[in-house]
Amino acid sequence: MEDKITIIEGPPPTFEAVPDGWVQGISDSPIFSGVVATRLRTFDGSALVERCQNAWKSRQSIHLEYKNMEGLREEAPIVAARNVLTDEGDMLILWIRLPDEDLELEIAYDDEFEDDEFDEDDDEMDFDLGLGSV
């Protein structure tokens, strides 16, 4: 039996790169893929984490089901889950595996960046991707 956590309403999930080293340990797979994280508000995050744990204990997979930007249903395997209590309620953090062809890098530029701050003599330019650790 394959279990799912389905996003019923709201926009498509936002996936964030995970720079932590432990992610490489869970991303070992014969399929080229990357592990990304998404944060979802939920009513009972601990019950959803328990569903994941039960699936993994019985050596079953569990997937995140969501609609993409075009409104089409997609699924991605969940490889780790955590519930965090916030002032606004439960926040479910899911680490999922996406095929490499589905991964895109988006660089967020700082609004305060001025063109005159860039020194053309510099060989390198540092970018803060704002991805942070989860």
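Described in the following lines is the structure provided in the data block. Position numbers for residues count from 1 along each chain, tracking the sequence in the order it is written. Confidence filtering applies because this is a predicted model: local features only for residues at pLDDT of at least 70, side-chain atom pairs given and counted only at 80 or more, and all residues used for totals across whole chains, interfaces and linings. Hydrogen atoms and water are omitted, and side-chain values are computed over all heavy atoms in the structure.

Now for the nonpolar core. For this analysis, a nonpolar core means a set of buried residues of the types Ala, Val, Leu, Ile, Met, Phe, Trp, Tyr and Cys, connected via side-chain atoms within 4.5 Å. For every residue, the accessible area (1.4 Å probe, protein chains only) is compared with the maximum for its type, and the residue is labelled buried under 20%, exposed over 50%, or partly exposed between those bounds. Judged by nonpolar contacts, the single largest core of 17 residues is most densely connected at Ile5, Leu64, Ile78, Leu94 and Ile96. By the criteria applied, helices consist of DSSP H or I runs no shorter than four residues and strands consist of E runs no shorter than two, each listed in order from the N terminus. Residue assignment for this core shows that the elements contributing at least two residues are strand E3 (33-42), helix H2 (45-57), strand E4 (62-67), strand E5 (73-86) and strand E6 (89-99). Contacts are assigned to residue pairs that have any heavy atoms within 4.5 Å of one another. Excluding its chain neighbours within four sequence positions, the residues that come into contact with isoleucine 5 are Leu48, Arg51, Cys52, Ile62, His63, Leu64, Glu65 and Ile78. With seven residues, the next largest nonpolar core counts Val18, Ala37, Ile93 and Trp95 among its residues.

The next thing to look at is the packing of aromatic side chains. Under the pairing criterion, centres of Phe, Tyr and Trp rings, with the six-membered ring standing for Trp, must be within 6.5 Å; the plane angle then separates stacked pairs below 30 degrees from edge-to-face pairs above 60, leaving the rest tilted. Taken as a whole, this structure holds one aromatic pair when the rule is applied. Ring geometry for phenylalanine 15 versus tyrosine 66: centroids 5.5 Å apart, planes at 65°, classification edge-to-face. Of this pair, phenylalanine 15 sits in the loop between strand E1 (3-6) and strand E2 (16-17) while tyrosine 66 is found in strand E4, placing the two residues 51 residues apart along the sequence. Look at tyrosine 66 and you get buried, because its relative accessible area is 4%.

On to the pattern of salt bridges. Salt bridge, as applied in this entry: a Lys or Arg side-chain nitrogen positioned within 4 Å of an Asp or Glu carboxyl oxygen. Considering all chains together, one arrives at five salt bridges under this definition. Where aspartate 3 meets arginine 51, a salt bridge forms, and the shortest distance between an N and an O atom there is 2.9 Å. Residue aspartate 3 is located in strand E1, and its partner arginine 51 is located in helix H2; the two are separated by 48 residues in the primary sequence. In this structure arginine 51 comes out as partly exposed when scored by relative accessible area, which is 31%. The salt bridge involving arginine 39 is made with glutamate 16; its shortest N-O contact spans 3.4 Å. With arginine 39 in strand E3 and glutamate 16 in strand E2, this pair connects stretches of sequence that are 23 residues apart. We classify arginine 39 as partly exposed; its relative accessible area is 39%. What emerges from the salt-bridge pattern is a single network uniting Lys4, Glu65 and Glu75.

All right, on to the layout of surface pockets then. Each pocket or cavity is described by its volume, and for the second largest pocket that value is around 550 Å³. At the level of elements, E1 and E3 are the ones that each hand at least two residues to the lining of the second largest pocket. Here the lining of the second largest pocket takes four residues from E3, the largest share from any one element. Of the residues that constitute the lining of the second largest pocket, the class distribution is nine nonpolar, three polar and three charged. A cavity here means a set of 1 Å grid points, computed over protein atoms only, where a 1.4 Å probe fits but cannot escape. A pocket is an open set with protein on both sides within 12 Å along at least 5 of 7 lines, and lining residues have an atom within 4 Å of a point. Grid points are joined across faces, edges and corners, and a volume is the space filled by probe spheres set on the points. Residues were grouped as follows: Ala, Val, Leu, Ile, Met, Phe, Trp, Tyr, Cys and Pro as nonpolar; Asp, Glu, Lys and Arg as charged; and all remaining residues, including Gly, as polar.

When DSSP locates at least two bridges between a pair of strands, those strands are taken to pair. Here five bridges tie E4 to E5, and the two strands are oriented antiparallel to one another. When the sheet's bridge partners are listed, lysine 67 is paired in E5 with arginine 73. The hairpin formed by E4 and E5 contains five residues between the paired strands, and glycine 71 there has a positive phi angle of roughly 85°. Between the end of E5 and the start of E6, which pair antiparallel, lie two residues.

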